[in-house]
Structure formats: C-alpha cells, structure tokens
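Single-letter residue listing:
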Amino acid sequence: MTRPGRWFHTAEPRADAARQLFFFPHAGGSAAFYRHWAALLPGVEVRVVQLPGRGERHAEPPYRRAEPLVEALHEAIEAELDDRPYAFFGHSLGALLGYRLAVALAVAGGTGPALLGASGWAPERFRPVDALLPLPDGEFAAAIRRFGVLPAEAGTDPELVALILPAVRADLALVADYREDGARVGCPVAAYGGRSDPTLEPGGLAEWASRTPSFLGASEFPGGHFYLTEHALAVATDFARHFQRLSPERNFDTDRKAGR
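Residues numbered from 1 in each chain as written. Predicted model: local features only at pLDDT ≥ 70, side-chain atom pairs only at ≥ 80, totals over all residues. Heavy atoms only, no water.

Caption draft 1: Representation of the overall build of the protein in the model. When its secondary structure is counted, the protein shows 7 helices and 7 strands. Overall, the protein shows an N-to-C arrangement of helices and strands of β-β-α-β-α-β-α-β-α-α-β-β-α-α. Relative to its length of 260 residues, the protein is compact, with a C-alpha radius of gyration of 17 Å against a globular reference of 18 Å. Each principal axis of the C-alpha atoms in the protein carries an extent, and together these give about 55 × 45 × 35 Å. Per-residue burial over the protein gives 54% buried out of 260 residues. Taking the contacts inside the protein whose residues are at least 6 apart along the sequence as the reference set, 82% of them involve residues at least 24 apart. With the model as given, the accessible surface of the protein reaches about 11,400 Å², and the carbon-plus-sulfur share is 54%. Between the centroid of the 27 positive side chains of the protein and the centroid of its 32 negative side chains there is a distance of 3 Å. (Helix = DSSP H or I, 4+ residues; strand = E, 2+ residues; numbered from the N terminus. Rg over C-alpha atoms; globule rule 2.2 N^0.38 Å. Buried < 20%, exposed > 50% of the residue type's maximum accessible area, 1.4 Å probe, protein only. Contact = heavy atoms within 4.5 Å. Areas by Shrake-Rupley, 256 points an atom, 1.4 Å probe, with all protein chains shown as cover. Lys, Arg positive; Asp, Glu negative; His and termini not counted. Charge placed at Lys NZ, Arg CZ, Asp CG, Glu CD.)

Dropping the structure here:
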C-alpha cells in the first residue's frame, strides 16, 4: 500500500505570517503550478494543496468522487490550522473543493475560513463534462483542449499531456460526480473569472451570491478558463485586500515592520 503523501506544500514557510491561505488547484493541476502565489501575498503563508495522482504523489490513485476527497481534506486541514485567520482560494475544480470544505467546516462547528475566493467555477453554472469522460485518450485530450480545461502547464508537449491525462480524467469524473445541494458557506465569497471562459455559463459567477452571507462581487478579466495565468497579480491583490479587511486584528504593513 502506498503511504499517503503530504497534502499541503509551502514554497516559502512563514510560521510568523499574520495569515494563512490554502490554495486548491485546477483539474489536473499540481501544487508546483501555484507556488509563485507566495510572492504575491506578503504577510500570508500560502499552502497549496497537492492532490493524489500528481507530483510526488503520482503513485497514489486520484480521487474520482467529491465527497471522499472533501472528507480527506477536512481531516488533513485540521492539523494545519492554528490561531491565525485563514482563507481558501480555488481555481476551477479547486473552487469546488474550497467551497465544499468550507461547508464541511461550518457543519462540523469549527472555525471556518475568513474568506473564500472562487475562480473559474460556480455552483450550478459550470457546463457539464460528462460527455468527455468516455473518449479515448487522443480524443479526450483534443476535447478538453477545445473545452478549455487542459491545464496550462501541459502546453503542446504530447508526452506531458499524456502524463497528466489520468489526473485530469479523474478530476473531471469528480466534477461529474458532484451533486448540488444548495449549501451555503459561513464566510464572505469573492469570485473571479475570465470573460471568455467556455466552461461557465454567462453571468455564472453571480450564482455565488446565493451561497454566502456576504458576496463581495465577481471580477472578470480578459481570457478564458486559464485567465489566472496572466492576471495572477491583479487577482491576488484584490483578494489580499478583502482578506486584510476581514481579519483586521493583524495588519500586513504592521506585520512586515515588526518582523512577524
């Protein structure tokens, strides 16, 4: 039996940072793709989730159902939390996972995130992926490229594409397995997306308003499903502004000056 690997990676450990951010990657994505976010968020310790089936966890079978994965993440994250305010940010599949984990934490009665950032996905407004799953690898790769959900890091290298296809298939099976129940989170939500994202219905990000006691709005940027690659700084800056306002007991500038 393969021993489970680490769930959370930290490019720049900052145990004395004022806040923690847990980042959930897109379908087929690995922790490595989002490590640069640590440099975009001063005063925040960025923890990126590494799901089974990719990176150093490639030998572990990937999850194909949402509920067991959220349960595993719930157990894993409880060991990572301390007395610092924390937030979730997820892109695509990661937004789904961050959302359901925030719901699970609220149901369990624990201290939930101060903020949920949801990028490239919204409840009930993500176009179905079921028809893609039965396709053979060649057709599947072409279809997810057209659909806009082939991870950006795959590029056009056929060997690299073939390497990540099992994880993408599993992740899209997980999305197809997901069933909406209208659950609400207990924290504010800020939504982000690409104006030309083919995976979202027009106006889909507004759906988040019905899932939170405080919807902070939807910010759209030029680009498709992976708009975040080009607009990471703008998104991180906006998200940090919300995060700082929602956890005012520690200030980014004060933290840096005090060396905390």
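Caption draft 2: Main features of the environment of Asp181. Relative to the helices and strands, Asp181 resides in the loop between helix H5 (158-177) and strand S6 (189-194). Sequence separation between Asp181 and Trp7 is 174 residues, and the spatial gap between their C-alpha atoms is 27 Å. A distance of 2.9 Å separates a polar atom in the side chain of Asp181 from a polar atom in the side chain of Arg100. Within the structure, the side chain of Asp181 is placed 3.0 Å from the backbone nitrogen of Ala183, a separation counted as a polar contact. (Polar contact = N/O pair within 3.5 Å; in protein donor to acceptor, adjacent residues only side chain to side chain.)

Caption draft 3: A look at the pattern of salt bridges. Scanning all chains against the criterion turns up 13 salt bridges. One salt bridge connects Glu124 with Arg211, and the closest N-O pair in it is separated by 2.7 Å. You can see Glu124 sitting in the loop between strand S5 (115-119) and helix H4 (137-147) and its partner Arg211 sitting in the loop between S6 and strand S7 (215-221), a full 87 residues away along the chain. Since its relative accessible area comes to 52%, Glu124 is described here as exposed. Accessibility expressed as a relative area gives 2% for Arg211, which makes it buried. With a closest N to O distance of 2.8 Å, Glu201 and Arg125 form a salt bridge. Highlighted residues: Glu201 in the loop between S6 and S7 and Arg125 in the loop between S5 and H4, separated in sequence by 76 residues. Its relative accessible area of 21% is what places Arg125 among the partly exposed residues. Salt bridges sharing common partners tie together Glu124, Glu180, Glu207 and Arg211. (Salt bridge = Lys/Arg side-chain N within 4 Å of Asp/Glu carboxyl O.)

Caption draft 4: Just the nonpolar core, in detail. Core analysis: the biggest nonpolar cluster contains 57 residues, and Trp7, Phe88, Leu97, Tyr99, Ile144, Leu172 and Trp208 have the highest contact counts within it. Those elements that provide at least two residues to this core are strand S2 (19-24), helix H2 (66-78), strand S4 (86-91), helix H3 (93-108), S5, H4, H5 and S6. Ranked by the residues each element gives to this core, the list is headed by H3, at 10 residues. If sequence neighbours within four positions are ignored, Tyr99 has contacts with Leu116, Trp121, Pro123, Tyr178, Glu180, Gly182, Ala183, Val185, Trp208 and Arg211. Membership of the second largest hydrophobic core comes to 25 residues, among which are Ala31, Trp37, Phe221 and Ala232. (Core = buried A, V, L, I, M, F, W, Y, C linked by side-chain atoms within 4.5 Å.)

Caption draft 5: Looking closely at the side chain of Ser92. Along the chain, Ser92 falls in the loop between S4 and H3. Given a relative accessible area of 5%, Ser92 falls into the buried group. Excluding its chain neighbours within four sequence positions, the residues that come into contact with Ser92 are His26, Ser119, Gly120, Trp121 and His225.

Caption draft 6: Geometry of the packing of H4 against H5. Where H4 contacts H5, the axes come no closer than 11 Å and their chain directions differ by 75°. Relative to H5, H4 is oriented roughly perpendicular. Residues Asp137, Phe140, Ala141, Ile144 and Arg145 of H4 touch H5, and the partners they reach there are Val161, Leu165, Val168, Arg169 and Leu172. (Axes fitted to C-alpha atoms, helices over the stretch in contact; angles between N-to-C directions. Parallel < 35°, antiparallel > 145°, perpendicular 65-115°, else oblique.)

Caption draft 7: Looking closely at the sheet that holds strand S3 (residues 44-49). With mixed pairing, 7 strands are arranged side by side in an open sheet as S1-S3-S2-S4-S5-S6-S7. The sheet terminates laterally at strand S1 (8-9) and S7, the two strands that pair on one side only. Bridge count between S2 and S4: 5 bridges; the pairing is parallel. Its bridge partner lying in S4, Leu21 is registered against Ala87. Where H3 meets the sheet, it contacts S2, S4 and S5, and its direction lies at approximately 145° from that of S4. (Pairing = 2+ DSSP bridges.)

Caption draft 8: Focus on the pairing of S2. In terms of residue burial, S2 counts as a mostly covered element, since 6 of its 6 residues are buried. Side chains Arg19, Leu21 and Phe23 of S2 all project onto a buried face; the interleaved residues Gln20, Phe22 and Phe24 project onto the opposite face, where all are buried too. Two strands pair when backbone bridges link them, and S2 and S3 are joined in this way by 5 bridges, in the parallel orientation. By the bridge assignment, Arg19 is partnered in S3 with Val44.

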